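Here is how the chains run, residue by residue.
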Amino acid sequence: MAGPLDTAVTGLRAFQTALATTSNNIANSTTPGYSRQEVNFTTLQPQGFGFGFIGKGTRVANIQRIESEFLTEQLRAASTEAGRLDAISNLASRVDNLLADGDGSLAPSLQNFFNSVQDLSIDPSSSSTRQVVLSSAESLVSRFSNIESQLAAIDSDIRVGISENIQDLNNIATGIADLNQKIVEAQSVTSSGQRPNDLLDQRDQLVLELSEIISVKTLEQEDGSLSVFIGNGQSIVVGGNSQTLVAVPDPSDASVTRIAYQSFSGNADITNSISGGRLSGLLEFKNEQLGSIRNELGRIATVLAGTFNEQHNVGQTLTGAIGTDFFASGPVEVIGNTNNTGSASVTGTITDFRALTSSDYSLSYDGANYTLTRLDDGVTTVSAASSFTVDGVQIDVGAGANAGDRFLIRPTRQGASQIDVLVTRTDDFAAASPVRTSAQLNNLGDAAISPPQVLDITNPDLTDTVEIRFNTPATTFDIFNVTDGVSIAAGVTYTSGADIDFNGIRVNIEGPVQNADVFVIERNTSAVSDNTNAIALIGLQTADTVGGSSSYQETYGGLVGRVGTVTRQAELNSNAQNRLLEDSVQAKESVSGVNLDEEAVNLTKFQQAYQAAAQVIAASDELFQTLLSVVGR
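Everything in this summary refers to the structure shown in the same document. Residue positions are given per chain, counting from 1 as you read along its sequence in written order. Residue-level local features of this predicted model are given only where pLDDT is at least 70; pairs of side-chain atoms are given and counted only at 80 or more, and the full residue set underlies all totals for whole chains, interfaces and linings. Only hydrogens and water are removed before side-chain values are computed, so all heavy atoms of the structure are retained for them.

Quick look at the pattern of salt bridges
Keep this limit in mind: Definition used for salt bridges: Asp or Glu carboxyl oxygen within 4 Å of a side-chain nitrogen of Lys or Arg. Numbering of helices and strands starts at the N terminus; helices are DSSP runs of H or I of at least 4 residues and strands are runs of E of at least 2. Burial classes follow relative accessibility: with a 1.4 Å probe on protein chains only, a residue under 20% of its type's maximum area counts as buried, one over 50% as exposed, and anything between as partly exposed.
Tallying each qualifying case throughout the model produces 31 salt bridges. In this structure, the salt-bridge partner of R65 is D204, at a minimum N-O distance of 2.5 Å. Placement of the pair is R65 in strand β4 (residues 58-65) and D204 in helix α5 (residues 197-213), with a sequence separation of 139 residues. For D204, a relative accessible area of 19% translates into the label buried. Of the charged contacts, one joins R294 and E148 as a salt bridge, the two residues approaching to 2.6 Å between their closest N and O atoms. Here E148 lies in helix α4 (residues 127-188) and R294 lies in helix α6 (residues 277-312), a separation of 146 residues in the sequence. Grouping residues by exposure puts R294 and E148 together as buried. Look at the salt bridges and you will find they share partners, linking R65, E73, R76, D201 and D204 into a network.

Written as structure tokens, this is what we have:
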């Protein structure tokens, strides 16, 4: 009766393996990346007799790992895009919360500052009102500085995040390479080349984690190892070897982190070929959003300081002195490329605050010409001269430039961090104008002359007494310098409201005039109650000072709106992608995941089969004992 016994033993062994595999599935039902395993049985070679063939039992053909390569690739792709969008969404949300915060944003401080100047214009001689102007100015520059410092902190966090993700990437790549070695070794020791399922699961899980950091492509080799590629086909894992990525400073700006592929021939910059994953999201937000946001904030600060100073410098203080710069503004930042071979220095000077853009610029030299490229849109300006002006910035290049030298120019990046209040004494706020206008009391016409607008504070005749004398008939007028006794102009045709410019001053006369009407422009003495320049300063609040098309507040509002749009779009995209990721996870789990109900059924099935095989053994033993007892008699 050895036949039934042998057959039962094969079943016992096979079902024991099935029970062990089912138990392993249940034990790993919550293990990340685990794929359900399934035992496949096959019959043993039957034994032939004259009457036919008798089976000799069963054996385990293999233990199959249930997985779908298509669903695995789909999950990796979804994970890669989710990682990128999550990084952008989180960073955009931080910036949006900073800029749009009702109490902490720039808008209230700007409004409070100009409100204080408005109050001063009502009572320009009040010391307390003047002190409020200085205090609100201090609050304004503090708000600029605070917002910029927080944006700089976000920039720093991005650099740290890039470095940390590169380190994680390198560690994962090393782990994949180690598993490649173990998988190849494990497959080589099996007689039929069976695959080590648990090691394959671990490797796939690491590749999935890698795809959250960066977009990857994989290729399985004949020996069972997996090659992993990034960027434009750079391999980071080949067999049991892994390559290293490193974070390196940008040669044009050491504060910028680049990603390099480390090889025997040196570091190769692959930053521009990075796609997908958290790394791509960090780089994308930093390069396409954060830099321009900081520049735009700096532009508002720079234009505010520059235009306010221009007007304050043509005013007159309580002591009768000409106004000085009210604000300090940041310098034009110029950074030489670390690969430059020449010794030339480059300086930038703002010549027209209203023409400034929020772009950075790249200056290069080919040995004959200088090329300035506006990085926002790629527009170039070529000059053979070493001094030229573009977008309100004068660029001066010193001697010693060599062909191939490059410089990064940032006209507004330092604006928000460097703006400061220079006027510290209340008497030094220039609310008055150094000149004043009036109509003679005996004028017969109803025309009125405007307050003077100072065009050139350096004009030596600025404060001379000048009369505008209308002729008979009053269709023309003469301009006469009473102080010098010199005629400035004669027979000028009168047009109501037209500009009249002389001695660095502009005035307008508007309305009907009569013969011999006279209007006087003279030095503004004892002008403690004069608010002419304060009113001009108030006008800057709504003037199109930024880019010649918008006010300070409108520009900041546009910045907040732009960031809000980016944030909302990033949030929507991230939420949608995370739903796709969840769907991909569920799709993979439906194939590879462990279903505890199904495993419970399998456990019962294999347990009963195991018990049945044991019963066959018991029956075989009983028959064998009966045979022995019969023969023994």
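Side note on unusual backbone geometry
The amide bond that connects T472 to the next residue, P473, takes the cis arrangement and shows omega of 0 degrees. Mapped onto the secondary structure, P473 falls in the loop between β25 (466-470) and β26 (476-481). You will see that D391, though not glycine, has its phi angle at about 50 degrees, which is positive. Here D391 is to be found in the loop between β18 (387-390) and β19 (393-397). Residues other than glycine seldom take positive phi values, yet A516 does so here, at roughly 70 degrees.

So, the nonpolar core
Put simply, the test is: The definition of a nonpolar core used throughout is a set of buried Ala, Val, Leu, Ile, Met, Phe, Trp, Tyr and Cys residues joined through side-chain atoms within 4.5 Å. Contact definition: two residues touch when any of their heavy atoms are within 4.5 Å.
F113, F144, F326, F327 and L363 are the most contacted members of the largest nonpolar core, which has 99 residues in total. Considering each element in turn, this core owes the most residues, 19 residues, to α4. If we skip the residues at most four places from it in the chain, F327 touches F113, A137, V141, L304, A305, F308, N309, I419, D420, V421 and L422. Counting 21 residues, the second-largest nonpolar core is a separate cluster that includes F470, I479, Y494 and V513.

A few points about the sheet that holds strand β5 (residues 217-220)
Definition in use: By definition, two strands form a pair when at least two bridges between them are found by DSSP. Here an angle of 0 to 180 degrees is reported between the N-to-C directions of two axes, which are lines fitted to C-alpha atoms, with helices fitted over the stretch in contact.
The strand order across the open sheet formed by four strands is β5-β6-β7-β8, and the pairing between neighbours is antiparallel. With one partner strand each, in any of the chains shown, β5 and β8 (241-242) form the two edges of the open sheet. Bridging between strand β6 (residues 226-230) and strand β7 (residues 234-238) involves three bridges; their strand directions are antiparallel. Within the sheet, the bridge partner assigned to F229 lies in β7 and is S235. With respect to the sheet, α4 is in contact with β6, β7 and β8, its orientation differing from that of β7 by roughly 45 degrees. Here α5 sits on the sheet in contact with β5, β6 and β7, set at roughly 0 degrees to β6.

As for the sheet that holds strand β17 (residues 380-383)
What holds strands together in a sheet is hydrogen bonding between their backbones, with the strands either parallel or antiparallel. With antiparallel pairing, the five strands of this open sheet are ordered in space as β13-β20-β15-β16-β17. Here the strands that pair on one side only, and so sit at the sheet edges, are β13 (333-336) and β17. Neighbour to neighbour, the strand axes of the sheet diverge by 20 degrees on average, direction disregarded. Direction of pairing for strand β15 (residues 361-365) relative to strand β20 (residues 406-410): antiparallel, over a ladder of four bridges. Residue pairing in the sheet places S362 in a bridge with L408 of β20.

Some thoughts on helix α8 (residues 532-539)
Listed in full, the buried residues belonging to α8 are T532, N533, A534, L537 and I538. Against the buried residues of α8 lie α3 (106-122) and α6.

Side note on the side chain of T271
Rules: Pairing of N or O atoms within 3.5 Å defines a polar contact, subject to two protein rules: one partner must be a possible hydrogen donor and the other a possible acceptor, and residues neighboring in sequence count only if both atoms are side-chain atoms.
Locating T271 in the fold gives a position in the loop between β11 (266-269) and α6. Judged by its relative accessible area of 6%, T271 falls in the buried class. A distance of 2.7 Å separates a polar atom in the side chain of T271 from a polar atom in the side chain of D269.

With respect to the environment of I395
Along the chain, the position of I395 falls in strand β19. In the structure, I395 is positioned 230 residues away from N165 in sequence and 39 Å away in space, judged by C-alpha atoms.

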